[in-house]
Amino acid sequence: MSSPGVDGDPKPPCLPRNGLVKLPGQSNSLGAASITGTPAVKNRLCQLPPPPLPPPSLAAPLPRATLAGGPCPSVGLPLGGPASSLAPGPPAERLPLAIDEKILNGLFWYFSACEKCVLAQVCRAWRRVLYQPKFWAGLTPVLHAKELYNVLPSGEKEFVNLQGFATRGFEGFCLVGVSDLDICEFIDNYALSKKGVKAMSLKRSTITDAGLEVMLEQMQGVVRLELSGCNDFTEAGLWSSLSARITSLSVSDCINVADDAIAAISQLLPNLAELSLQAYHVTDTALAYFTARQGHSTHTLRLLSCWEITNHGVVNVVHSLPNLTALSLSGCSKVTDDGVELVAENLRKLRSLDLSWCPRITDMALEYVACDLHRLEELVLDRCVRITDTGLSYLSTMSSLRSLYLRWCCQVQDFGLKHLLAMRSLRLLSLAGCPLLTTSGLSGLVQLQELEELELTNCPGATPELFKYFSQHLPRCLVIE
Amino acid sequence: MPSVKAQSSDGEIPEADVEVAKQPVTIKTMVEDLRMDDAGGNDLVPLPNVNAAILKQVIPRCTHHKDDPPPPEDDENKEKRTDCVSVWDQELLKVGQGTLFELILAANYLDMKGLLDVTCKTVANRIKGKTPEELPKTFNIKNDFTEEEEARVRKENQWCGEK
């Protein structure tokens, strides 16, 4: 995926929000932390002046209250000599603390979803603390069809017990490779399926029109739906199953989806806040189908690799969905600077704009953006290969811009970087894959003291010395190699 | 510089500058409520939940970090990072599991967010990368699942593995 999307994009757990992962550097003996949320804010300065005094010696014995059980020191030796101060100590005293719920409730925040899944298997106390819904908020389990069944000795299949999911209060599930029957079994066997599940995502599944209808009818709580790589349902299925309660819909790589699908969406989903569509055959005309209701409620539209969409389609979008705050035209390769001009002039509320993989976009588009989109906070220009330093100079006037992605903008040079250095509002910058940037040019980025995340993967100018320099002079920033 | 004496659970009385001692918010509250700032240094701040050995480690850390800016209000219910522990703190925290846990409890009781953060990070980093088989041994806990429970908890957590 090249586009990071905007908040609310359903993504599987464990993957960082925008594909960025920090690889362990050799100097960091504590190991890597992976970023799974919004750009990280360091909550403590980690570079302190060198200590004037050495830390207190721990050779002094630690006095302990009388111990119940455990190994005793041999007769004649003083209790707790230096050697014992670092020993784990008698189990009887340590035991309560490692399962002390007060400690665990604070400690478990320092782990990712995957790590928590490992820790839940350690003992009952850890599982009990971990299985509270607060530790799983915002996460979506991804279950493959095979994992939904246990094979009994008799050879029969039995649906797994999903109580452990219900306890953790997951609001959404992603099912992969499932059939209509699997979905029915899930609905029958998961206690919270009828009302408690808010989001369903089906990937590479054989769900049919009938299956879709049953699912949405039965699972009354579902307001967010994702269908990806499902080729067995048709537009007729959308007409018969979409429900007005749906606020978020994502359809990608489903072979039968074209203009009539948009017709169904526009007629049946008055409360649609977010629409994500990846469809090769959707045309400009369909983008005029949106009704006044969507004009009011829809704030996020993502058109991904919709190869047939031209500037005419953009005209339709800006007129039918004037309240958009997030727009993606990623991979809509026919869109040109004129289309961007229309967006800039008409969608003044935009906070996020994604023009990645639009090869016809030039610096002119950036002039339009900088001129009119005063509220823009996020701009994605990955693979916009015609962008040059001139384009960056236009962006330098944008006082609200927090996140700027310039991955593989291969014409960007040190001179262009200089324009970015005055942008105090920038918190996230990606220059991955920009081959012309030199080490000394990149070093100028230390002027952006408020920067929280800097991605320099595949930058030949990003040398180990540069990373060391950043760790000293840009201490609050996560620098990604 | 006026000083404050804190009385630990086992009766000892380590002394500290009042400014340093006020870093733990619990102590700060006690000191200010009881107007000990301008006292003659004879009043004792009782700390029944912290023993002397732990207190002796907490106080040097307060001294070392006394000029740090207060940690920002962080969102209580969000995943936290485990990097960024200063070299000085790393040295201080090269201790056994038991002491680390006691430091966590002390930091919690004394309401010292900075110390709580680095001690939790240190324990978390010792946990990361270990398997469910290794962890009970490292922390001297008993794996008290039945065989059936163990199979079930493993199955309902494999969704997060590498796919």
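Worth saying up front: this structure is predicted, and the values here are computed from it rather than measured.

Cut-offs applied
- Residues numbered from 1 in each chain as written.
- Chains lettered and ligands numbered in written order.
- Predicted model: local features only at pLDDT ≥ 70, side-chain atom pairs only at ≥ 80, totals over all residues.
- Heavy atoms only, no water.
- UniProt positions renumbered as here; feature names shortened; annotations may be inferred.
- Helix = DSSP H or I, 4+ residues; strand = E, 2+ residues; numbered from the N terminus.
- Buried < 20%, exposed > 50% of the residue type's maximum accessible area, 1.4 Å probe, protein only.
- Lys, Arg positive; Asp, Glu negative; His and termini not counted.
- Salt bridge = Lys/Arg side-chain N within 4 Å of Asp/Glu carboxyl O.
- Contact = heavy atoms within 4.5 Å.
- Pairing = 2+ DSSP bridges.
- Right-handed = clockwise from strand over helix to strand, strands pointing away.
- Phe/Tyr/Trp six-rings, centres within 6.5 Å; stacked < 30°, edge-to-face > 60°.

Colleague: Quick rundown of the UniProt feature "domain: SKP1 component dimerisation" (unreviewed entry) in chain B? Include the residues and the values.
Modeller: UniProt feature "domain: SKP1 component dimerisation" (unreviewed entry): in the numbering of this structure it lies at residues 113-160 of chain B. Between the end C-alpha atoms of residues 113-160 of chain B the distance is 31 Å, and the span holds 60% helix and 0% strand.

Colleague: Can you explain the side chain of Asp182(A)? Please cite residues and give values.
Modeller: Residue and element names in this part refer to chain A. Mapping Asp182 onto the fold places it in helix α6 (residues 180-189). Buried within the structure, Asp182 lacks any salt-bridge partner; Lys157 is the closest side chain of opposite charge, at an N-O distance of 5.5 Å. Look past the residues within four positions of Asp182 in its chain and what remains in contact with it is Ala145, Tyr149, Phe159 and Gly177.

Colleague: Tell me about the pattern of salt bridges, and name the residues and values.
Modeller: Residue and element names in this part refer to chain A. Evaluation of the coordinates by the stated rule reveals 13 salt bridges over all chains. The salt bridge involving Arg407 is made with Glu455; its shortest N-O contact spans 2.8 Å. In this pair, Arg407 sits in the loop between β13 (403-405) and α15 (414-420) while Glu455 sits in strand β15 (residues 453-455), placing the two residues 48 residues apart along the sequence. Residues Glu450 and Arg424 are paired through a salt bridge, measuring 3.7 Å at the closest nitrogen-oxygen approach.

Colleague: Could you give an account of helix α13 (residues 363-372) of chain A, with specific residues and numbers?
Modeller: All names here are of chain A. Most of α13 sits out of view: 7 of its 10 residues are buried. For α13, the full list of buried residues reads Asp363, Ala365, Leu366, Tyr368, Val369, Ala370 and Asp372. The elements touched by buried residues of α13 are α12 (337-346), β11 (352-354), β12 (378-380) and α14 (389-395).

Colleague: Which residues make up the pairing of strand β5 (residues 199-203) of chain A, and what values do they have?
Modeller: Residue and element names in this part refer to chain A. The element β5 is extensively covered by neighbouring structure, given that 5 of its 5 residues are classed as buried. Here β5 shows two buried faces, one formed by Ala199, Ser201 and Lys203 and the other by Met200 and Leu202. Looking at chain direction, strand β4 (residues 172-176) and β5 are connected through 5 bridges and run parallel. Across the sheet, the residue bridging to Leu175 is Leu202, located in β5. Between β4 and its parallel partner β5, the chain crosses via α6, and the hand of that crossover is right-handed. The parallel pair β5 and strand β6 (residues 224-228) is bridged by helix α7 (residues 209-218), and the resulting crossover is right-handed.

Colleague: Mind laying out the packing of aromatic side chains, listing which residues take part and the relevant values?
Modeller: Residue and element names in this part refer to chain A. According to the stated counting rule, one finds 19 aromatic pairs over all chains in the structure shown. Geometrically, the ring pair formed by Phe108 and Phe135 is edge-to-face, given 6.1 Å between the ring centres and 80° between the ring planes. Within this pair, whereas Phe108 is found in the loop between α2 (101-107) and α3 (113-119), its partner Phe135 is found in the loop between α4 (124-130) and β1 (142-144), the two being separated by 27 residues in sequence. Across this residue pair, the class does not change: Phe108 and Phe135 are buried. Ring centres of Trp357 and Trp408 lie 6.3 Å apart, and the angle between their planes is 70°; this geometry places the pair in the edge-to-face category.

Colleague: Kindly report on unusual backbone geometry, identifying the contributing residues and their values.
Modeller: Most peptide bonds are trans, and most residues other than glycine sit at a negative phi. Residues and elements named next belong to chain A. Phi at Arg383 is positive, roughly 60°, even though this residue is not glycine. Following the sequence through the fold, Arg383 ends up in the loop between β12 and α14. Classification of Arg383 as partly exposed rests on a relative accessible area of 33%. A positive phi angle, near 55°, is found at Trp408, a position not held by glycine. Note that Trp408 resides in the loop between β13 and α15.

Colleague: Describe the environment of Gly313(A), with residues and values.
Modeller: Within the element layout of this structure, Gly313(A) appears in helix α11 (residues 311-320). Through-space distance from the C-alpha of Gly313(A) to that of Ala288(A) is 7.8 Å; in sequence the pair is 25 residues apart.

Colleague: Got a sec to walk through the UniProt feature "domain: F-box/LRR-repeat protein 15-like leucin rich repeat" (unreviewed entry) in chain A? Specific residues and values, please.
Modeller: The UniProt entry lists residues 324-412 of chain A under the feature "domain: F-box/LRR-repeat protein 15-like leucin rich repeat" (unreviewed entry), expressed in the numbering used here. Secondary structure within residues 324-412 of chain A divides into 30% helix and 13% strand; the distance between the first and last C-alpha atoms comes to 30 Å.

Colleague: Please set out the pairing of strand β8 (residues 274-278) of chain A residue by residue, giving values where relevant.
Modeller: All names here are of chain A. Among the 5 residues that make up β8, 5 are buried, leaving the element largely enclosed by the rest of the structure. Neither face of β8 is exposed, since Glu274, Ser276 and Gln278 on one face and Leu275 and Leu277 on the opposite face are all buried. What joins strand β7 (residues 248-252) to β8 is helix α9 (residues 259-268), and the crossover it makes is right-handed. Judged from the 4 bridges that link them, β8 and strand β9 (residues 300-303) form a sheet pairing that is parallel. Looking at the pairing, Leu275 lines up with Leu301 of β9. On the question of chirality, the crossover connecting β8 to the parallel β9 by way of helix α10 (residues 292-297) is right-handed.

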